[in-house]
There are 2 protein chains.
Amino acid sequence: MAKFNTSCPSGFPEWTPAQERVAQKWIATIRDVFEKNGFMPITTPLVEREENLLSKGGNPKEMYVLKRILDEEGDSSHSGNALRFDHTVPLALYVARHFNELSFPFRRYAIGPVLRGERAQKGRFRQFDQCDIDVVGSENLSLKNDAMVAAVIIQIFERLMPEQKFIVRINNRKILTGIANFLNISSQKFLEIWDHREKVTGEEFNKKLNELVPSGKKEKFREICDFAITQKKNPNVWHSSDWENWFDVHKTFGMLNKESAEGAEELITVCRILRNDLGISPKQFEPDFSIARGLDYYTGTVYETHLVGYESLGSICSGGRYDDLAEVFTGKKLPGVGISIGLTRLLSQLFEAKLIDVDRSSPSEILIVSASEKAEKECLALSSQIRSWGYPVENYLEDKKLAKQFDYANKLGIPYVIVVGEDELNKKCVQLKNMKIGDQEEISRDTLQAVLEKKL
Amino acid sequence: MAKFNTSCPSGFPEWTPAQERVAQKWIATIRDVFEKNGFMPITTPLVEREENLLSKGGNPKEMYVLKRILDEEGDSSHSGNALRFDHTVPLALYVARHFNELSFPFRRYAIGPVLRGERAQKGRFRQFDQCDIDVVGSENLSLKNDAMVAAVIIQIFERLMPEQKFIVRINNRKILTGIANFLNISSQKFLEIWDHREKVTGEEFNKKLNELVPSGKKEKFREICDFAITQKKNPNVWHSSDWENWFDVHKTFGMLNKESAEGAEELITVCRILRNDLGISPKQFEPDFSIARGLDYYTGTVYETHLVGYESLGSICSGGRYDDLAEVFTGKKLPGVGISIGLTRLLSQLFEAKLIDVDRSSPSEILIVSASEKAEKECLALSSQIRSWGYPVENYLEDKKLAKQFDYANKLGIPYVIVVGEDELNKKCVQLKNMKIGDQEEISRDTLQAVLEKKL
């Protein structure tokens with residue numbers, strides 16, 4: 001036999017069936033919340049033109065292009081194509097392709113794999129599923145959408161992890177770029193350092209920024225940092241019922257410049273809608289001036305989401321507001337706001353932290369086992385009947401010892417086994433075995449549906 | 001503005017949101033039927049090692065390999081990888097990777113895209129979704145699985161197209177290879193001609209086979225063809241309640257050789273289990289000796305599925321039994337039986353034939369519209385409430401005229417619009433407009449949930 005290396009290519013992992021069952025349930029829940037909020041499903045191709053992907057921020061180091069092993073002469077239609085690395089550039093292309101058919105605001109969701117030629121390392125995948133929503137406006141897009149999108153994040157994690165506390169942290173980029181402008185330093189440089197604030201010690205952070213801040217503005221900058229850090233250390237001040245502290249935001253940022261004031265105003269508005277209009281508990285979100293979302297293309301609201309007690313996992317759902325989705329393709333102003341859940345990365349972290357139960361591989365609730373050749377026909381008919389009642393069920397069809405068949409159910413996590421032998425045929429009953437507690441009951445065929453309804 | 005060609009690359013189409021909604025519903029139904037029958041979800045990577053894909057029947061002309069635009073020195077981990085072209089080779093690799101963790105029979109399903117560098121032509125896609133199930137045994141696999149798998153096809157199309165008649169046509173490869181052996185002609189050549197029987201005229205077919213058939217066997221072969229064609233022309237003889245005609249199969253094929261007799265016996269057994277044990281109506285399946293499934297790797301049962309009245313669409317779900325899933329990777333005998341639905345191709349045909357309704361883009365059942373600035377807050381709270389009742393709902397949040405907002409609902413196919421203005425605020429009611437019939441009712445907030453429950 002020739003030797004093949006059958007392992008997954010580096011960076012392209014796969015789940016076990018039990019993990020995949022969780023992933024599928026999460027996708028179904030995420031999809032349901034997206035649709036409950038009126039987002040339309042879009043599935044764009046995995047493959048787009050290379051120059052289009054590169055023109056909207058694609059990193060050529062990470063981009064996979066497609067070649068055929070054997071290219072036929074005269075068929076150039078395969079060349080110049082590459083794999084999508086996110087859902088945002090394909091969204092821009094989708095809007096460009098279908099601009100005249102679309103109704104704005106255009107609310108779409110996308111769930112599916114994206115591919116990046118990353119360096120292989122723990123927690124970095126080269127193929128991973130992303131779950132995105134975006135609302136795209138034509139010319140304008142109301143700030144209320146920024147609050148609605150945050151509310152969607154909250155609906156999702158309330159349903160995915162009902163026992164787990166999480167918090168959506170919201171900031172506004174204009175506050176940060178306003179600070180950078182006030183300090184006369186490059187906003188990109190400022191955002192980079194600001195974004196890494198939690199990854200370095202306070203000393204390092206101060207040192208880095210101090211080097212950048214002009215001497216005449218050091219005192220004012222210290223005040224801003226104090227305010228931002230006080231808020232960070234004591235998020236409760238933000239949730240005081242008299243909203244008093246909201247004025248401090250204006251006091252602190254409003255006097256810097258118009259941009260900062262506008263950012264503060266927007267942030268306050270988004271938080272007010274969430275709390276006052278959408279009735280969302282202040283425990284589920286907080287303004288947080290440390291959020292910057294790195295070097296992304298955001299221009300206003302930015303979001304991160306953190307699991308309380310598991311902050312080291314990083315943000316599990318992020319996004320923000322942008323001014324320009326697709327001007328390069330459409331020549332039109334298309335502002336939008338969106339979020340993305342990096343599902344593969346998130347689940348792999350949750351599986352590793354054992355925050356999710358993954359002990360059941362099979363969807364079957366019942367395995368039907370025949371204890372005698374004469375009962376085989378009855379067992380097949382019984383599975384059709386139980387399936388028609390709505391339960392996932394399978395027959396063990398191979399000629400193996402009973403112990404082996406029970407073992408099969410155990411290994412796959414199938415909770416119940418039904419055994420039918422000649423005795424049961426004669427008595428019109430089945431043996432119903434609970435695989436977890438080992439308990440076995442004789443159930444008459446007449447009452448089987450009622451019994452299953454109770455147990456499943 | 002630079003000019004970009006933003007169209008989809010050739011062979012990589014995308015659905016409209018309304019079509020995508022249908023595709024998602026179909027996938028959910030297919031997934032549910034697969035799981036109701038105890039199949040476990042597996043998602044293998046899009047990317048596998050090129051040599052593994054080639055070793056199990058990959059066509060190098062159709063295979064896409066991955067390159068990075070810029071390859072970093074010393075990082076060779078990206079090279080030698082290619083995109084999967086089906087779900088069967090990845091299944092073989094999955095079984096090889098996880099052999100010791102698996103319980104046999106291993107029942108898995110896979111739903112997702114595969115990629116082939118086909119020549120671009122109508123109805124041929126380079127990326128398309130396939131939905132597969134397979135049951136894989138270790139050393140042996142009971143023939144009963146062949147019947148169960150046919151029953152899954154029937155469950156799927158009963159749910160997907162309840163109004164549409166369809167038929168699963170079943171044959172057994174051993175019958176055909178037995179005929180070829182009896183005639184002393186290459187079974188590959190025979191299968192090829194047999195498979196194209198319906199694509200050529202009877203004359204052409206006869207001429208082609210006559211050339212191959214040795215003169216001493218022409219009479220017997222004529223008898224076989226007559227039998228196969230009679231059966232084909234009058235499928236009802238197969239469904240006579242006295243099963244009389246089943247003996248003709250043995251009479252016709254059993255006397256050719258052991259292989260044909262075995263194929264006939266297996267085919268009869270599969271059909272008997274379907275009809276007698278699983279209680280499936282004989283209108284939903286038929287033995288059909290013309291089915292060959294081209295040059296695939298099947299060795300026993302083969303299936304095709306046809307929509308009655310739309311036979312020109314070809315088979316909408318096909319598959320069969322194979323002896324060897326992964327011997328090249330595992331050195332072990334792993335027989336299996338499986339089917340595949342080419343979802344993208346099937347749906348594109350059904351959309352084109354207008355067999356499926358695709359007039360609704362948005363999942364939203366209700367669009368909430370504020371007729372006054374004062375009502376905006378109430379409108380946001382109302383959408384949270386309606387969503388908590390389980391209905392998909394969205395707010396129109398932009399500052400546009402009412403007519404424009406109604407137009408938005410119309411274009412997306414949202415069936416109801418709720419309008420709240422100052423009047424409605426004061427009277428604690430809403431205006432509920434049915435967008436299809438144009439009818440508008442005033443509904444008190446107290447009774448809104450009950451009214452929606454009736455209408456939605």
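Residues numbered from 1 in each chain as written. Chains lettered and ligands numbered in written order. Predicted model: local features only at pLDDT ≥ 70, side-chain atom pairs only at ≥ 80, totals over all residues. Heavy atoms only, no water.

Novice: Just give me the short version of the overall build of chain A, but keep the residues and values in it.
Specialist: Helix and strand counts for chain A stand at 16 helices and 16 strands. If one aligns the C-alpha atoms of chain A with their principal axes, the spans along those axes are about 95 × 70 × 45 Å. Looking at chain A as a whole, 58% of its 456 residues are labelled buried. Considering only residue pairs separated by 6 or more positions, chain A has 68% of its internal contacts joining residues 24 or more positions apart. (Helix = DSSP H or I, 4+ residues; strand = E, 2+ residues; numbered from the N terminus. Buried < 20%, exposed > 50% of the residue type's maximum accessible area, 1.4 Å probe, protein only. Contact = heavy atoms within 4.5 Å.)

Novice: Which residues make up the packing of aromatic side chains, and what values do they have?
Specialist: All names here are of chain A. In total, this model carries 24 aromatic pairs over all chains according to the counting rule given. Members of the aromatic cluster, joined through ring pairs, are Y297, Y298 and Y322. Sitting over the face of the ring of F406, K433 holds its NZ or CZ atom 4.8 Å from the ring centroid. (Phe/Tyr/Trp six-rings, centres within 6.5 Å; stacked < 30°, edge-to-face > 60°. Lys NZ or Arg CZ within 6 Å of the ring centre and 35° of its normal.)

Novice: Any details on the side chain of N52(B)? Residues and values, ideally.
Specialist: You can see N52(B) is positioned in helix α2 (residues 50–55). Owing to a relative accessible area of 0%, N52(B) belongs among the buried residues under this scheme. In terms of polar contacts, N52(B) uses its side chain to reach the backbone carbonyl oxygen of N5(A), at 2.8 Å. Among all residues touching N52(B), those that are not within four sequence positions of it are F4(A), N5(A), T6(A), V89(B), L93(B) and F329(B). (Polar contact = N/O pair within 3.5 Å; in protein donor to acceptor, adjacent residues only side chain to side chain.)

Novice: Any details on the interface of chain B and chain A? Residues and values, ideally.
Specialist: Counting from both sides, the interface comprises 110 residues of chain B and, opposite them, 110 residues of chain A. In total, chain B and chain A occlude about 9,500 Å² of area from one another, counting both sides; carbon and sulfur atoms represent 58% of this. The interface formed by chain B and chain A includes 8 salt bridges. E394(A) is the salt-bridge partner of R107(B), the closest N and O atoms lying 3.1 Å from each other. Classifying every residue of the side of chain B that touches chain A gives 48 nonpolar, 33 polar and 29 charged. As defined by bridge partners, strand β3 (residues 64–68) of chain A adjoins strand β3 (residues 64–68) of chain B across 5 bridges and the pair is classed as antiparallel. Within the sheet, the bridge partner assigned to Y64(A) lies in β3(B) and is R68(B). (Buried area = accessible area lost by both parts, 1.4 Å probe. Salt bridge = Lys/Arg side-chain N within 4 Å of Asp/Glu carboxyl O. Nonpolar A, V, L, I, M, F, W, Y, C, P; charged D, E, K, R; others polar. Pairing = 2+ DSSP bridges.)

Novice: So what about helix α1 (residues 17–36) of chain A? Which residues, and what values?
Specialist: The terminal C-alpha atoms of α1(A) lie 28 Å apart, and with 20 residues this matches the ideal 28 Å at 1.5 Å per residue to within 8%. In terms of burial, α1(A) is a largely internal element, 17 of the 20 residues being buried. (Expected span 1.5 Å × (residues − 1).)

Novice: Describe the relation of the copies chain B and chain A, and please don't skip the residues or the numbers.
Specialist: Rotating chain B by 180 degrees about the axis while translating it 0.0 Å along that axis superimposes it on chain A, leaving an RMSD of 0.0 Å. Here the copies are linked by what is in effect a two-fold axis. Within chain B, L66(B) has its C-alpha nearest the rotation axis, a separation of 2.6 Å. With an isologous cut-off of 70% or more, the 100% of interface residues of chain B that recur at the interface of chain A puts this contact in the isologous class. (Least-squares fit on C-alpha atoms with pLDDT ≥ 70 in both.)

Novice: Please provide a residue-by-residue account of the confidence of the model for chain A, values included.
Specialist: Mean pLDDT over chain A stands at 91; residues scoring 70 or higher make up 95%. Interface confidence in the predicted complex, given as ipTM, is 0.94; pTM for the same model is 0.95. (pLDDT = per-residue confidence, 0-100.)

Novice: Go over the sheet that holds strand β15 (residues 429–434) of chain A with me, naming the residues and quoting the values.
Specialist: Residue and element names in this part refer to chain A. In space, the 5 strands of this open sheet follow the order β13-β12-β14-β15-β16, with mixed pairing throughout. Each of the sheet's edge strands pairs with one partner strand only, and the pair in question is β13 (393–395) and β16 (440–444). For this sheet the average axis-to-axis angle between neighbouring strands, irrespective of direction, equals 25 degrees. Where strand β14 (residues 416–420) meets β15, 4 bridges bridge the pair, whose relative direction is antiparallel. When the bridges of β15 are listed, V417 appears paired with K433. Contacts between helix α13 (residues 376–388) and the sheet are confined to β12 (366–370), β13, β14 and β15, with β12 contributing the most and set at about 165 degrees to the helix. Across the sheet, helix α14 (residues 402–412) is in contact with β12, β13, β14 and β15; its angle to β12 comes to roughly 170 degrees. (Axes fitted to C-alpha atoms, helices over the stretch in contact; angles between N-to-C directions.)

Novice: Describe the domain arrangement of chain A, with residues and values.
Specialist: It is common to give the size of an interface as the accessible area that goes away when the parts come together. Domain annotation for chain A reports domain 1 (17–352) and domain 2 (366–455). The straight-line distance from the C-alpha centre of domain 1 of chain A to that of domain 2 of chain A is 50 Å. (Domains from an automatic or database assignment.)

Novice: Describe in detail the packing of helix α1 (residues 17–36) of chain B against helix α12 (residues 343–352) of chain B, supporting the description with residues and values.
Specialist: Residue and element names in this part refer to chain B. Their axes nearest at 11 Å, the elements α1 and α12 cross at an angle of 130 degrees. As the angle between them shows, α1 and α12 are arranged oblique. Like other packed secondary-structure pairs, α1 and α12 cross with a definite hand, here right-handed. The residues of α12 that touch α1, namely those facing Q19, V22, A23, W26, I27 and I30, are L343, L346, L347, L350 and F351. Here the residues of the contact of α1 with α12 are counted per class, giving 10 nonpolar, 1 polar and no charged. (Parallel < 35°, antiparallel > 145°, perpendicular 65-115°, else oblique. Left-handed = near helix turned anticlockwise from the far one by under 90°.)

Novice: An account of the pattern of salt bridges is requested, with residue identities and associated values reported.
Specialist: Counted under the stated rule, the structure contains 44 salt bridges over all chains. K174(A) is the partner of E262(A) in a salt bridge, and the nearest nitrogen-oxygen pair spans 3.0 Å. Placement of the pair is E262(A) in helix α10 (residues 258–277) and K174(A) in helix α5 (residues 173–182), with a sequence separation of 88 residues. For E262(A), a relative accessible area of 35% corresponds to the partly exposed category. Connected via shared salt-bridge partners are E14(A), E48(B) and R97(B).

Novice: Go over the sheet that holds strand β8 (residues 285–287) of chain B, please, and point to the residues and values.
Specialist: Residue and element names in this part refer to chain B. A sheet is described by the order of its strands in space; here 8 strands give the open sequence β1-β5-β6-β11-β10-β9-β7-β8, paired in mixed fashion. Edge positions in the sheet fall to β1 (40–41) and β8, since each of these pairs with one other strand and no more. Bridge count between strand β5 (residues 106–115) and strand β6 (residues 127–136): 10 bridges; the pairing is antiparallel. Paired with Y109 across the two strands is I133, which belongs to β6.

Novice: Could you give an account of the packing of α13(A) against helix α4 (residues 144–160) of chain B, with specific residues and numbers?
Specialist: At a minimum axis separation of 13 Å, α13(A) and α4(B) run at an interaxial angle of 20 degrees. Relative to α4(B), the element α13(A) is oriented roughly parallel. In this structure, α13(A) crosses over α4(B), and the sense of that crossing is right-handed. Judged by residue contacts, E376(A), L380(A), S383(A) and R387(A) of α13(A) engage K144(B), M148(B) and Q155(B) from α4(B). Partitioning the contact of α13(A) with α4(B) into residue classes produces 2 nonpolar, 2 polar and 3 charged.

Novice: Explain α1(B) residue by residue, including any values.
Specialist: With 16 of 20 residues buried, α1(B) is to be regarded as a mostly interior element. In the stretch just after α1(B), G38(B) is the one whose phi turns positive, near 80 degrees.

Novice: Summarise the pairing of β15(A); cite the residues concerned and give the values.
Specialist: Successive residues of a regular strand alternate their side chains across the two faces of the sheet. Residues and elements named next belong to chain A. Of all 6 residues in β15, 5 are buried, a share of seventy percent or more. Sheet analysis places β15 next to β16, joined by 5 bridges and oriented antiparallel. Note on β16: the bridge partner recorded for V430 is I443. The turn linking β15 back onto β16 is made up of 5 residues, and G438 within it adopts a positive phi angle of 80 degrees.

Novice: I'd like a rundown of the environment of E203(A), residues and numbers included.
Specialist: All names here are of chain A. Mapped onto the elements of the fold, E203 is located in helix α7 (residues 202–212). Looking at E203, the relative accessible area reads 70%, which means it is exposed. For E203 and T305, which are 102 residues apart along the polypeptide, the C-alpha to C-alpha distance reads 26 Å.

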